[in-house]
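# Structural overview
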Amino acid sequence: MNWATFKNKFEERTVKRTMRERRTKGNKKNPVLPKAWQEILSYFMRARINIIISSDVHDGSLKLYAEYMMRFQDINSDMHELLAFEDVLEEPLQPLYDNLDCYTYEVFEKDPAKYKLYQEAIEQALLDRVAEKDKEKKLTVIMVLGAGRGPLVRSALNAAENTGRKVRVYIIEKNPNAIRTLNAIAKKLWYKKDVHIFSKDMREFSPPEPADILVSELLGSFGDNELSPECLDCAQKLLKSDGISIPCKSTSYINPIMSSKLLNGVRQVLRHETFGRQKQATYHTHAESGFVVLLKNIYNIGLPQSLFEFVHPNPQSPIDNSRYKTLRFEVELDCVLTGIAGYFDTVLYKDIKLSINPQTHTPGMFSWFPMYFPFTEPMDVKKGQTIEIHFWRCVTKQKIWYEWCLAAPLRTHIHNHGGRSCPIYCT
Ligand SMILES: C[S@@+](CC[C@H](N)C(=O)[O-])C[C@H]1O[C@@H](n2cnc3c(N)ncnc32)[C@H](O)[C@@H]1O
């Protein structure tokens with residue numbers, strides 16, 4: 001809802017009159033809005049609506065109204081550090097195909113929740129693997145796969161210290177820039193620890209010995225879009241037959257949404273010629289791409305439902321990481337369907353989980369923004385109708401990609417058919 005609609009619905013004068021009445025009847029010095037007004041205004045403030053206060057009285061009372069509104073805004077708006085990212089469409093990272101830069105690693109490393117939960121999971125796994133009586137003699141081999149600049153190595157070493165368990169840590173990372181940082185950290189901070197660094201792709205790594213625990217974070221906003229299934233399936237040969245993978249399961253979720261901001265955002269993307277890997281972008285290539293976006297001004301047409309699941313280690317033989325699922329959502333209000341929001345959650349170990357699904361979101365964790373899969377055209381949907389979404393994960397040796405379409409109440413073409421708009425490269 002924009003300011004114009006707000007103005008139509010709740011005529012400006014009514015606000016002033018309401019505040020004035022309260023002022024004369026109740027507390028003379030401090031104007032206050034009735035509860036219903038507070039509720040609707042706090043909703044508008046969270047949606048970042050501009051509010052204009054005007055007055056036809058000249059007794060200085062406008063200042064009181066303005067002060068009241070400013071206090072009200074301080075209390076009710078959810079301002080945060082990531083404000084600039086709200087509803088901004090970004091191309092998802094491909095850490096397998098590209099080498100991430102320092103800035104990206106630095107952003108990951110600032111997350112206050114993620115590494116703490118990893119540390120708890122590793123602690124729990126160490127305690128389960130090595131009994132108190134064996135802790136002096138039994139060594140646990142931990143492999144950190146895709147270590148970046150080492151935050152998960154720190155989690156592993158802290159976990160060992162907190163539990164009093166002896167560990168040997170193998171660090172495997174394919175990005176030579178990150179390896180340089182890891183070597184420098186190891187020289188300075190880990191020289192007394194049993195830590196070994198390998199500049200390798202985990203899919204081709206031959207370890208000196210098998211691991212008790214594999215620790216990785218190759219998840220991406222959709223759980224499997226940074227190709228954790230493909231990488232971890234290859235790497236599970238590094239793990240002892242009774243070994244533990246952290247994480248051990250990841251699940252993606254989707255729901256249909258309405259967002260005029262994202263609809264326009266996808267159209268705007270076209271104007272930025274350098275956006276995306278493909279220089280020859282058309283509206284359709286963008287409108288058929290998955291984006292990463294901190295969702296803000298959206299209407300959830302239905303609640304997220306689980307889509308695809310991957311477990312590690314993967315017991316399947318032969319392994320098939322392609323997936324297909326149909327999901328149905330009841331429409332509760334007439335609205336316009338513009339696209340599909342995507343989320344994931346993951347089980348690190350036992351009941352220790354990370355989630356960006358809004359229904360179970362891990363408090364304070366900002367490493368991952370949701371996904372957005374647009375439809376090329378917005379579609380009117382009516383209360384009582386059922387939205388039927390078909391979603392595929394397609395796999396070849398060279399690339400992985402998602403396809404999606406709507407089968408009801410309207411039919412669309414299959415978006416990103418054959419991965420023509422947004423492939424995820426394996427090599
Ligand atoms: C999402 S980042 C996470 C980095 C780090 N664990 C953190 O939490 O900051 C994924 C890392 O895995 C590395 N990576 C991805 N695929 C890999 C592979 N097949 N073998 C080795 N490293 C890989 C990337 O270079 C990147 O550093």
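Keep in mind the model is a prediction, meaning the values are calculated, not measured.

Along the backbone of the protein there are 11 helices and 16 strands. For the protein, buried positions account for 49% of its 427 residues. Surface accessibility of the protein: about 21,300 Å² in total, with carbon and sulfur atoms responsible for 53%.

Approximately 1,300 Å³ is the volume found for the largest pocket. Lining the largest pocket are 48 residues, and of these Leu93, Thr104, Val107, Phe108 and Ser367 lie nearest its centre. Residue assignment for the lining of the largest pocket shows that the elements contributing at least two residues are helix H5 (102-109), helix H6 (114-129), helix H7 (151-163) and strand E2 (166-173). It is H5 that provides the largest number of residues to the lining of the largest pocket, a total of six residues.

What follows concerns the nonpolar core. For soluble globular proteins, the rule of thumb is that nonpolar side chains tend to be buried together. One finds Ile142, Trp190 and Ile246 to be the most contacted residues of the largest nonpolar core, which totals 57 residues. When residues in this core are grouped by element, the largest group, seven residues, is from H6. Among the nonpolar cores identified, the runner-up in size contains 46 residues, and Val141, Ala235, Phe391 and Trp404 belong to it.

This part takes up the environment of Pro31. With respect to the helices, strands and loops of the structure, Pro31 is situated in the loop between helix H2 (12-25) and helix H3 (35-46). Remark: the alpha-carbon pair of Pro31 and Leu64, spanning 33 residues in sequence, is separated by 6.9 Å.

Another aspect to go through is the sheet that holds strand E16 (residues 424-425). With antiparallel pairing, the four strands of this open sheet are ordered in space as E10-E14-E15-E16. Each of the sheet's edge strands pairs with one partner strand only, and the pair in question is strand E10 (323-330) and E16. Summarising the sheet, strand E15 (residues 399-408) and E16 pair through two bridges and their orientation is antiparallel. In the strand pairing of E16, Ile400 is matched with Ile424.

The full set close to the ligand counts 22 residues, and Tyr105, Tyr115, Glu173, Asp201 and Met202 are the nearest of them. In this structure, a nitrogen atom belonging to the ligand sits 3.1 Å away from a main-chain N or O atom of Gly146. The cavity where the ligand resides is the largest pocket. Listed by contribution, the elements that provide at least two residues to the shell around the ligand are H5, H6 and H7.

Scanning the model with the defined rule gives 18 aromatic pairs in all. Look at Phe344 and Trp368: their rings are 5.1 Å apart centre to centre, the planes differ by 80 degrees, and that puts the pair in the edge-to-face class. Pair noted here: Phe344 is in strand E11 (residues 335-349) and Trp368 is in the loop between strand E12 (352-355) and strand E13 (371-381), with a separation of 24 residues, a long-range link. One cation-aromatic arrangement involves Lys114 over Phe108; the distance from NZ or CZ to the ring centre is 5.2 Å. If you follow Lys399 out to its NZ or CZ, it ends over the ring of Trp401, 5.0 Å from the centre.

Interaxial distance between H3 and helix H4 (residues 61-76) falls to 10 Å at its minimum, and their mutual angle equals 65 degrees. Considering how the two elements wind past one another, H3 and H4 form a crossing that is right-handed. Within the contact between the two elements, H3 uses Gln38, Leu41, Ser42, Met45 and Arg46 and H4 uses Tyr68, Met69, Phe72, Gln73 and Asn76. For the contact of H3 with H4, a count of residues per class yields five nonpolar, four polar and one charged.

Turning our eyes to something else, we now look at the environment of Pro256. With respect to the element layout, Pro256 can be found in strand E6 (residues 249-258). Between the C-alpha atom of Pro256 and that of Tyr299, which follows or precedes it by 43 residues, the distance is 8.8 Å. With residues near it in sequence (within four places) discarded, Pro256 still touches Tyr299, Asn300, Ile301, Gly302, Phe329, Leu337, Gly339, Ile340, Ile387 and Ile389.

In this section: the pairing of strand E5 (residues 239-246). For a regular strand, side-chain orientation follows a simple rule: the groups alternate between the two sheet faces. Pairing between strand E4 (residues 211-216) and E5: four bridges, direction parallel. Each bridged residue has a counterpart across the sheet, and for Leu214 the counterpart in E5 is Ser245. As a crossover connection, the stretch from E4 through helix H9 (residues 228-235) into E5 is right-handed.

As a further point, take H6. With 16 residues, H6 should cover 22 Å at 1.5 Å per step; its first-to-last C-alpha distance of 23 Å lies within 8% of that length. Every buried residue of H6 is accounted for by Lys114, Tyr115, Leu117, Tyr118, Gln119, Ala121, Ile122, Glu123, Ala125, Leu126 and Arg129.

Cut-off values and rules
- Residues numbered from 1 in each chain as written.
- Predicted model: local features only at pLDDT ≥ 70, side-chain atom pairs only at ≥ 80, totals over all residues.
- Heavy atoms only, no water.
- Helix = DSSP H or I, 4+ residues; strand = E, 2+ residues; numbered from the N terminus.
- Buried < 20%, exposed > 50% of the residue type's maximum accessible area, 1.4 Å probe, protein only.
- Areas by Shrake-Rupley, 256 points an atom, 1.4 Å probe, with all protein chains shown as cover.
- 1 Å grid on protein atoms, 1.4 Å probe; cavity = no way out; pocket = protein on both sides within 12 Å on 5 of 7 lines; lining within 4 Å.
- Points joined across faces, edges and corners; volume = space filled by probe spheres on them.
- Core = buried A, V, L, I, M, F, W, Y, C linked by side-chain atoms within 4.5 Å.
- Pairing = 2+ DSSP bridges.
- Near = heavy atom within 4 Å.
- Polar contact = N/O pair within 3.5 Å; in protein donor to acceptor, adjacent residues only side chain to side chain.
- Sits in = over half its atoms within 2 Å of the grid points.
- Phe/Tyr/Trp six-rings, centres within 6.5 Å; stacked < 30°, edge-to-face > 60°.
- Lys NZ or Arg CZ within 6 Å of the ring centre and 35° of its normal.
- Axes fitted to C-alpha atoms, helices over the stretch in contact; angles between N-to-C directions.
- Left-handed = near helix turned anticlockwise from the far one by under 90°.
- Contact = heavy atoms within 4.5 Å.
- Nonpolar A, V, L, I, M, F, W, Y, C, P; charged D, E, K, R; others polar.
- Right-handed = clockwise from strand over helix to strand, strands pointing away.
- Expected span 1.5 Å × (residues − 1).

Function cannot be read off these values alone, since they describe shape.
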